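An overview of the molecular structure
Listed below are the residues making up each chain.
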Amino acid sequence: GFTPRVFSGIQPTGNLHLGNYLGALKRFADAQNKGIESIYCMVDLHAITVWQDPADLARATRELCAGFIAAGVDPEKSILFNQSQVPEHTQMAWIFNCVARMGWMQRMTQFKDKAGKNAQNASLGLFAYPALMAADILVYHATHVPVGEDQKQHLELTRDIAIKFNHDYGVDFFPITEPVIEGAATRVMSFRDGTKKMSKSDPSDMSRINLTDDADAIAKKIRKAKTDPEPLPDSIEGLEDRPEARNLVNIYAALADLTPEQVIAEHAGQQFGTFKPSLADLAVAKLAPISTEMSRLMQDQGEIDNILRRGSDRARNIATPILQKTYDIAGM
Ligand code: ADP
Ligand code: NA
């Protein structure tokens, strides 16, 4: 058996949003508080698979680190670091590039979404991204990866790579990692379009709550969020085919640590004119302190850099022997 170990990463691409918080950051803090060894990474090597302005990337990396801490991840308990500072990720990724099959990679829907119509002009890195992600996870022998639903397919690929490596070399070396996709808000949707996920790259700032938004911006975005004209139903089944209503109920539930069923029981029959202000109060109470703490932390960038440097030393202590053993297995 493998010792339980949690790994997850977030791209330092700016606009950290409510979906990142409920799908990832909030749950990292919860995992850490259960006492499981946890490793969290700012994945700058993933970010550069699409163009990043260097100054923006450097700033977004520090801001993301501040976001982790403000969301409750304690850098003394968990390991917080920047991917490019631990070269074992790319070394392991090369091995996995040689394990993964072209056909597996071609099935990745995120590549198709991000590359769009002009796939010939996408970077090779964007195509190889999921093999680097497998390396991020397996170079620590991580057993559990808390993520949002959009990462499910990449986690399946990680398992396929571990299985094929173990099989090809006749070893039981890499764990078969479990995706941990749970809670009421594993896929937070855009406030402008209930069929699209809330995303950093949406050009409309009204489509998402940014973790840097102040109380007024949070309340305004919820007030203006797209909804339908019906009141909230008496039971959860009444939310089928009402993606915008379902999204707001899910967000309420995740912020309040309730189930969507409990939220419906409490708010059955309410108009959005009543429900939205309750949601706005809850969101401001939970999120405004995070935004305040992020800007406080951002005033001492030297301290953020120190935290990331210490984190990368701790990460390397785990990754180096696992990479060495991988090389031994492969005869290198
Ligand atoms: P983004 O998708 O916003 O560019 P990342 O790819 O860096 O952000 O994802 C960071 C984490 O946030 C991942 O665990 C991802 O699954 C989660 N996440 C991203 N968007 C959402 C969303 N809309 N709802 C829930 N979780 C999300
Ligand atoms: Na994502």
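Since the model is a prediction, treat every value here as computed from it, not as a measurement.

Concerning the UniProt feature "binding site: L-tryptophan" (unreviewed entry) in the protein
In the numbering used here, UniProt assigns the feature "binding site: L-tryptophan" (unreviewed entry) to Asp136. On the secondary structure map, Asp136 appears in helix H7 (residues 124-138). The exposure class of Asp136 is buried, given the 27 C-beta atoms found within 10 Å. Setting aside anything within four residues of it in sequence, one finds Asp136 in contact with Phe7, Gly9, Cys41, Val43, Gln83 and His89.

As for the nonpolar core
The biggest cluster of nonpolar side chains holds 91 residues, and the ones touching the most others in it are Phe96 and Ile251. Residue assignment places this core across two domains, with domain 1 (6-180 + 300-329) and domain 2 (205-295) each supplying three or more. Setting aside its immediate chain neighbours within four residues, Phe96 contacts Ala131, Ala134, Ala135 and Ile161.

Quick notes on the site of ligand 1
Among the 19 residues in the neighbourhood of ligand 1, the closest are listed as Gln11, Gly19, Gly23, Val147 and Gly148. At 5 residues, helix H1 (residues 18-33) tops the list of elements feeding residues into the shell around ligand 1. Split by residue class, the shell around ligand 1 holds 6 nonpolar, 9 polar and 4 charged.

Examining the environment of Asp44
Looking at the element boundaries, Asp44 is found in helix H2 (residues 44-47). Separated by 204 residues in sequence, Asp44 and Leu248 place their C-alpha atoms 31 Å apart. Not counting chain neighbours up to four residues away, the residues in contact with Asp44 comprise Pro12, Leu57, Thr61, Asn82, Gln83 and Ser84.

Observations regarding the pairing of strand S3 (residues 79-82)
Within a regular strand, side chains alternate between the sheet's two faces. Because side chains alternate across S3, one face comprises the buried residues Ile79 and Phe81, and the other comprises Leu80 and Asn82, equally buried. Here 4 bridges tie strand S2 (residues 38-42) to S3, and the two strands are oriented parallel to one another. Note on S3: the bridge partner recorded for Ile39 is Ile79.

Some details on the packing of helix H3 (residues 54-70) against helix H13 (residues 301-329)
For the pair H3 and H13, interaxial distance at closest approach is 10 Å and the crossing angle is 80°. When the interaxial angle is binned, H3 and H13 end up roughly perpendicular. Residues Arg62, Cys65 and Ala66 of H3 lie in contact with H13, whose contacting residues are Gln301, Ile304, Ile307 and Leu308. For the contact of H3 with H13, the residue count by class is 5 nonpolar, 1 polar and 1 charged.

Comments concerning the pairing of strand S1 (residues 6-10)
By the criterion of burial, S1 is predominantly enclosed, with 5 of the 5 residues buried. Burial along S1 is two-sided: Val6, Ser8 and Ile10 facing one way and Phe7 and Gly9 facing the other are all buried. Pairing of S1 with S2 involves 5 bridges; the strand directions are parallel. Note on S2: the bridge partner recorded for Val6 is Ser38. After leaving S1, the chain enters H1 and then returns to the sheet as S2, a path that is right-handed.

Some details on the environment of Ser123
Turning to its location among the elements, Ser123 is positioned in the loop between helix H6 (109-115) and H7. Judged by the 13 C-beta atoms lying within 10 Å of it, Ser123 falls in the partly exposed class. Residues Ser123 and Trp51, 72 residues apart in the sequence, show an inter-C-alpha distance of 9.3 Å.

A look at the domain arrangement of the protein
The figure often quoted for interface size is the accessible area lost as the parts come together. By the assigned domains, the protein splits into domain 1 (6-180 + 300-329) and domain 2 (205-295). The distance between the C-alpha centroids of domain 1 and domain 2 comes to 30 Å. Contacts between domain 1 and domain 2 engage 11 residues on the former and 9 residues on the latter. The element contributing the most residues to the side of domain 1 that touches domain 2 is H3, with 4 residues. Counted by class, the side of domain 1 that touches domain 2 contains 7 nonpolar, 3 polar and 1 charged residues.

What about H1?
With 16 residues, H1 extends 21 Å between its outermost C-alpha atoms, agreeing within 8% with the 22 Å of an ideal straight helix rising 1.5 Å per residue. When the local axis directions of H1 are compared, the greatest deviation, roughly 30°, occurs at Ala24. Burial runs high along H1: 12 of the 16 residues are buried. Tucked into the core, H1 has its buried residues touching S1, S2, H3, strand S4 (144-146) and helix H10 (243-256).

About the thresholds
- Residues numbered from 1 in each chain as written.
- Chains lettered and ligands numbered in written order.
- Predicted model: local features only at pLDDT ≥ 70, side-chain atom pairs only at ≥ 80, totals over all residues.
- UniProt positions renumbered as here; feature names shortened; annotations may be inferred.
- Helix = DSSP H or I, 4+ residues; strand = E, 2+ residues; numbered from the N terminus.
- Buried ≥ 20, exposed ≤ 12 C-beta atoms within 10 Å, placed from the backbone.
- Contact = placed C-beta atoms within 7 Å.
- Core = buried A, V, L, I, M, F, W, Y, C linked by C-beta atoms within 7 Å.
- Domains from an automatic or database assignment.
- Near = placed C-beta within 6 Å.
- Nonpolar A, V, L, I, M, F, W, Y, C, P; charged D, E, K, R; others polar.
- Pairing = 2+ DSSP bridges.
- Axes fitted to C-alpha atoms, helices over the stretch in contact; angles between N-to-C directions.
- Parallel < 35°, antiparallel > 145°, perpendicular 65-115°, else oblique.
- Right-handed = clockwise from strand over helix to strand, strands pointing away.
- Expected span 1.5 Å × (residues − 1).
- Bend = angle between axes of the 7 residues up to and from the residue.

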